[in-house]
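# Overview (structure and organization)
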Amino acid sequence: MATFGNLSARLTDTLKNLRSKGKLSASDVDSTVREIRRALLEADVALDVVKEFTSKVRERALGDEVNQALNPAQQVVQIVNEELVAILGGEQRRLQFAKNPPTIIMLAGLQGAGKTTLAGKLAKWLRDQGHTPLLVACDLQRPNAVTQLGVVAEQAGAEIFAPEPGNGVGDPVQVAKRGVAEARSKHYDFVIIDTAGRLGVDAELMRQASDIRKATDPDEVLFVIDAMIGQDAVATAQAFQEGVDFTGVVLTKLDGDARGGAALSIRSVTGRPILFASTGEGLNDFEPFHPDRMASRILDLGDILTLIEQAQSAFNEDEARKVAEKISQDAFTLDDFLGQMQQLRKAGSLKKMMGMLPGMGKMQSQLDNFDEQEIVHTEAIIQSMTKAERENPKLLNGSRRLRIAKGSGMTVTDVNQLVQRFEQAAKMMKTVARGGLPQIPGMGPVPGMGGGRKKQQPAKGKGKRRSGNPAKRAQEAAGIAAKPAGASEGGSGFGLGGGGAAQPNEEDLAKLQQMLGKGLR
């Protein structure tokens, strides 16, 4: 989501200024819409799209739905969110499956957009869904394109059909036809055709792509577009729509730092939905495109649904149940701790997952400085321990910790900190497993939630001993009377120390003498 980072920051800052206003005037709305227009234009969103978007936002913001709202500023944020969802496509559109397998997917786009890598990502995503994809190497022009597709296919665990070596040798149309026939004969349910690209749109590129489409009759033609190329994205999309007529769009390099707002224009300009988004270099950095979730990310409202889906795909429910039982039985070990961290890494980049939380855009600098290698260092330390040491960290004396530090390439201080963090985590998880609220270091127990120190109850039948001296007895009575009801003996009701009540002065004692009807000598 780095591509939309600047746009997100501008929009959130603009909308934040409205939250201090109880009622919005026409000038407030106009200034807000003006700032939104500037933010979108600076992000390379097409001018026609910007005009349509801002006019709808202004019209709705000046309407009754804002004027009659209890929180007008929040209502404007909702309007901007809904209009962003609209220009991104409204509802999510899924892949169209063939009535009779295989489903044929053809990839088209310029050279350098990431088609070959995307073919591997799509193949892995389909395999994870339980399908059997076949990759067909039809990019026979770019040097070593066939070899690259073979490497990507191996990483994705998918099969590849590559009868021609490429590097300018072979007929891509014939390879495409033979690839589809191969998939039918061997019962693959998906065919992904990787086609050649060019540095720019030309007649040869369009002719070849059009011939492959006519020869294979694909169910989906996905236009792969680099989200970082700016306004050229719109012109390129229009050229491919006229020459090949694609059915859907895939955005790549959404993890880049370019303005990338042209990606917001493609849906409105071409009328074709965005189906997938590529958010990194790894094969797992690939996800279906949800317009509503992307709009929420742009407005820094978070993307909890995607975060939950990634976590669910990585965590094993049976393993989680076993770990929960170990925690409740006080049998949680460093081996279990290591397993939990490894599952967390499988869910994807921690930095990206944290970026899906609402409001994290305000902490972008902290996210940028977050070092995911710390988990790797922690794994190295635990893996340098013996089985007995992992099961019982109390065995870790000085010499053992020095050996572990040398074996993991870390320091003894790092080992000590890991053991300390593990003990704190195990203690907190045990408290939670028993239905309590963990006490966070540096904070006292939360009022009303338990977890604090129990009050010492006086023994039954044994009250506080009274002094035999009448003067002292009177002082004790005066001290008790001066305390407010409900105050504890150990300190004030606000936890600011045990100052207690002020001692009675001589005038008070004199009054007390009269009340008691006896002299104090």
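Above this note sits the structure.
## Quick look at the packing of aromatic side chains
One pass over the full model with this rule turns up six aromatic pairs. Ring geometry for F97 against F190: centres 5.2 Å apart, planes inclined by 85°, an arrangement best described as edge-to-face. You can see F97 sitting in the loop between helix 5 (72-87) and strand 1 (103-108) and its partner F190 sitting in strand 4 (residues 190-194), a full 93 residues away along the chain. Judged by its relative accessible area of 1%, F190 is buried. Ring geometry for F223 versus F240: centroids 5.0 Å apart, planes at 35°, classification tilted. Remark: F240 occurs in helix 10 (residues 232-243) and F223 occurs in strand 5 (residues 220-226); sequence separation between them is 17 residues. Of the residues examined, F223 reaches a relative accessible area of 0% and is grouped as buried. The buried category is assigned to F240, whose relative accessible area is 1%.

## Some remarks on the side chain of D194
Tracing the backbone shows D194 in strand 4. Of the side chains with opposite charge, R142 comes closest to the buried, unpaired D194, at an N-O distance of 5.3 Å. There is a polar contact of 3.0 Å between the side chain of D194 and the side chain of T116.

## Quick look at helix 5
For an α-helix, the turn length of 3.6 residues means that residues three or four places apart are oriented alike. The end-to-end C-alpha distance of helix 5, which contains 16 residues, comes to 23 Å, matching closely the 22 Å that a straight helix rising 1.5 Å per residue would cover. Considered for burial, the residues of helix 5 that qualify are P72, A73, V76, V77, I79, V80, N81, E83, L84, V85 and I87. The positive-phi residue at the C-terminal boundary of helix 5 is G89, with phi of around 125°.

## Points about unusual backbone geometry
Among all residues except glycine, the phi angle is most often negative; among peptide bonds, the trans geometry is most common. A cis amide bond, omega 10°, links P101 with the succeeding residue P102. Positionally, P102 belongs in the loop between helix 5 and strand 1. For D217, which is not glycine, the phi dihedral falls at a positive 50°. For D217, the location among the structural elements is in the loop between helix 9 (203-216) and strand 5.

## Notes on helix 3 (residues 47-61)
Relative to the 21 Å expected for 15 residues at 1.5 Å per residue, helix 3 spans 21 Å between its end C-alpha atoms, a close match to the ideal helical length. All buried positions along helix 3 are accounted for by V49, V50, F53, T54, V57 and A61. Angularly, the buried residues of helix 3 cover 115° about the axis, an arc narrow enough to put them on a single face. Projecting away from the buried face of helix 3 at angles above 90 degrees are the exposed residues D48, K51 and E59.

## A few points about the sheet that holds strand 4
Spatially, 3-2-4-1-5-6-7-8 is the arrangement adopted by the eight strands of the open sheet, whose pairing is mixed. Bordering the open sheet on either side are strand 3 (159-161) and strand 8 (286-288), each of which pairs with just one other strand. Going from strand to strand, the sheet's axes swing by 25° on average, the running direction of each strand aside. Where strand 7 (residues 274-278) lies against strand 8, three bridges are found, and the strand directions are antiparallel. Note that in strand 8 the partner of S278 across the bridge is F286. Contacting strand 1, strand 2 (133-137), strand 4, strand 5, strand 6 (248-252), strand 7 and strand 8, helix 6 (residues 115-128) crosses the sheet at an angle of about 170° to strand 4. Its contacts with the sheet put helix 9 on strand 1, strand 4 and strand 5, and the angle it makes with strand 1 is roughly 180°.

Reading the values: rules and limits
- Residues numbered from 1 in each chain as written.
- Predicted model: local features only at pLDDT ≥ 70, side-chain atom pairs only at ≥ 80, totals over all residues.
- Heavy atoms only, no water.
- Phe/Tyr/Trp six-rings, centres within 6.5 Å; stacked < 30°, edge-to-face > 60°.
- Helix = DSSP H or I, 4+ residues; strand = E, 2+ residues; numbered from the N terminus.
- Buried < 20%, exposed > 50% of the residue type's maximum accessible area, 1.4 Å probe, protein only.
- Lys, Arg positive; Asp, Glu negative; His and termini not counted.
- Salt bridge = Lys/Arg side-chain N within 4 Å of Asp/Glu carboxyl O.
- Polar contact = N/O pair within 3.5 Å; in protein donor to acceptor, adjacent residues only side chain to side chain.
- Expected span 1.5 Å × (residues − 1).
- Arc of directions from axis to C-beta.
- Pairing = 2+ DSSP bridges.
- Axes fitted to C-alpha atoms, helices over the stretch in contact; angles between N-to-C directions.
- Contact = heavy atoms within 4.5 Å.

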